[in-house]
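Here is how the chains run, residue by residue.
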Amino acid sequence: MIKRITDILLSLGIDKYLINKTVKNSCELFFIRKEPDTRRIKDVTDYSVTVYHDLEKEGTMLRGSAPVSIFPSMTDEEISECLKKAYFAARFAANPYYELVKGSGQPQADKPTAVKSAEEAVRRMANALYSADNDNESFINSAEFFGENQHIRIVNSEGVNVSFDKFTIKGEFVTQCKTEEDVELYYSFEYDDINEDALAKKAADGIKEAKDRSVAKRSLKSGNYDIILNGEELAEILSYYTYRSDAAYIYAKYSDYSVGTRIQGNDDEITGEKLNITCIATRPYSSEGTQMHDLRLIENGVLQAIHGYNRFSQYLGVKPTGGFEKIRLDAGTVNIDEMKKTPYLHAVKFSDFQIDQFTGHFGGEIRLAYLYDGKNITKVTGGSVNGIISQAQKNFVFSKEKYSDSSYEGPLAVKIQNVTVAGSN
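Presented here is an overview of the structure given in this document. (Residues numbered from 1 in each chain as written. Predicted model: local features only at pLDDT ≥ 70, side-chain atom pairs only at ≥ 80, totals over all residues. Heavy atoms only, no water.)

With that settled, the discussion passes to the overall build of the protein. Across its full length, the protein holds 9 helices and 21 strands. Principal-axis analysis of the C-alpha atoms places the extent of the protein at approximately 75 × 55 × 35 Å. Split into buried and exposed, the 425 residues of the protein put 50% on the buried side. Long-range pairs, those at least 24 residues apart, make up 70% of the contacts in the protein with a sequence separation of at least 6. Counting only carbon and sulfur atoms, one obtains 46% of the accessible surface of the protein, whose full area is about 20,100 Å². (Helix = DSSP H or I, 4+ residues; strand = E, 2+ residues; numbered from the N terminus. Buried < 20%, exposed > 50% of the residue type's maximum accessible area, 1.4 Å probe, protein only. Contact = heavy atoms within 4.5 Å. Areas by Shrake-Rupley, 256 points an atom, 1.4 Å probe, with all protein chains shown as cover.)

Next up on the list: the sheet that holds strand β10 (residues 295-299). Pairing is mixed in the open sheet, where 6 strands are placed in the order β11-β10-β9-β12-β20-β19. The outermost strands of the open sheet, each flanked by one partner alone, are β11 (302-303) and β19 (402-404). One ladder, built from 2 bridges, connects β10 with β11; its direction is antiparallel. Note that in β11 the partner of glutamate 299 across the bridge is valine 302. The strands touched by helix α5 (residues 231-244) within the sheet are β9 (277-280), β10, β12 (326-329), β19 and β20 (408-411), with β20 carrying the most contacts at an inclination of about 110 degrees. (Pairing = 2+ DSSP bridges. Axes fitted to C-alpha atoms, helices over the stretch in contact; angles between N-to-C directions.)

Time to look at the nonpolar core. Within the largest apolar cluster, 48 residues are counted, with the highest numbers of intra-cluster contacts made by Tyr241, Leu275, Leu345, Phe396 and Ile416. Among the elements that take part in this core, α5 stands out by supplying 6 residues, more than any other. Look past the residues within four positions of isoleucine 416 in its chain and what remains in contact with it is Tyr225, Asp226, Ile227, Leu229, Ile237, Phe362, Ala392, Asn395 and Phe396. Membership of the second largest hydrophobic core comes to 28 residues, among which are Phe167, Ile169, Leu185 and Ile207. (Core = buried A, V, L, I, M, F, W, Y, C linked by side-chain atoms within 4.5 Å.)

Attention now moves to unusual backbone geometry. The phi dihedral of glutamate 58 falls on the positive side, at around 55 degrees, and the residue is not glycine. Along the chain, glutamate 58 turns up in the loop between β2 (35-57) and β3 (60-70). Here the phi dihedral of asparagine 418 falls at roughly 60 degrees; this positive angle occurs in a residue that is not glycine. Looking at the secondary structure, you find asparagine 418 in strand β21 (residues 413-422).

Moving on, we come to the packing of aromatic side chains. Scanning the entire structure with this criterion turns up 23 aromatic pairs. Aromatic side chains tyrosine 243 and tyrosine 249 sit 5.5 Å apart centroid to centroid with 65 degrees between the ring planes, which places their arrangement in the edge-to-face category. Residue classification places tyrosine 243 among the partly exposed positions, given a relative accessible area of 37%. Taking the relative accessible area as the measure of exposure, tyrosine 249 reaches 17% and is therefore buried. Look at tyrosine 249 and tyrosine 254: their rings are 5.7 Å apart centre to centre, the planes differ by 75 degrees, and that puts the pair in the edge-to-face class. (Phe/Tyr/Trp six-rings, centres within 6.5 Å; stacked < 30°, edge-to-face > 60°.)

Purely geometric stuff here, so don't read any function into it on its own.
Below is the structure:
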């Protein structure tokens, strides 16, 4: 099929192109309570073709691009028509000229290898999830599992011809409790390998949190608190740094980061732990064919590198790295039990926790938190966390305990001092 596409491209006079072929083998399982409700097996092959249109304007070379999806069922005439339309459209999306990723021209084996059995993976993960569903009052209401093997091949007009396999297991579940208030809590998960222990723990935590949320009181007062956030929220906060150090953001002047930038400020301003972040290559090649490697992004609070896709990296004069899907934060210095020796607000469940990549404001509405006043722990709900990264980053304290999923690996929790909380009453 790839040769068929390239032959049509060349017959149209289109000599600059990028082809991504993805073969997906997946299994989906859906549960209502503990009973299987639906099972689906899918085998799908997708082709995405990007065509490039070079032109000159006022003596300056420009390069435009346009993507198009091609299906194996299409006739040569239909493929040709799609590619012609994309090539025409590409001239209206012209950007400063840049080179395409260059390859050796030597193809790797294009034969899919079953990394994992998708069906076996979802069944094992389903068993792990429901192994925690043993409470008489709180339970898993429903669950969905998606296991997928991908075989990816990348070919371009500059000699890139590579292929590799990738596996993911992801899904979501809802816990419910009716002890006092009828409560449902939503959870999602995604791993790049079968991780039964991690999912069983997430399920156990979710069941407990639904039970605690059912009896939680709307008694949280407005004020400033030392807050503890879990791994998922910490990963969201850290995404601020990966966005700000992305070549596309820097080129567009959305970020003023450069190599050597002191991310957290001067040393005398930092009272907590310094950031040490690594971008992890979860695939050997980017979608453009750039060979990927782990990249040390921040060392002791100082930016070590700029990362990004081919075009914007060339504009900035830095080495293209591809787009990273996962980061690792070095483990912290304090046990979670030590974090909890002084008063805190441990927010374990939000309705939607986010960070604004431009302003650095982070927060979300609290669905469940544990408030420790120095003597007693109270289960609370309502209110919202409202922080700003420029202040919070000066006093991060990270846990020794770790958390890992498909996009983040690092401390299980972070404690941040003096964060504004809008109360629930």
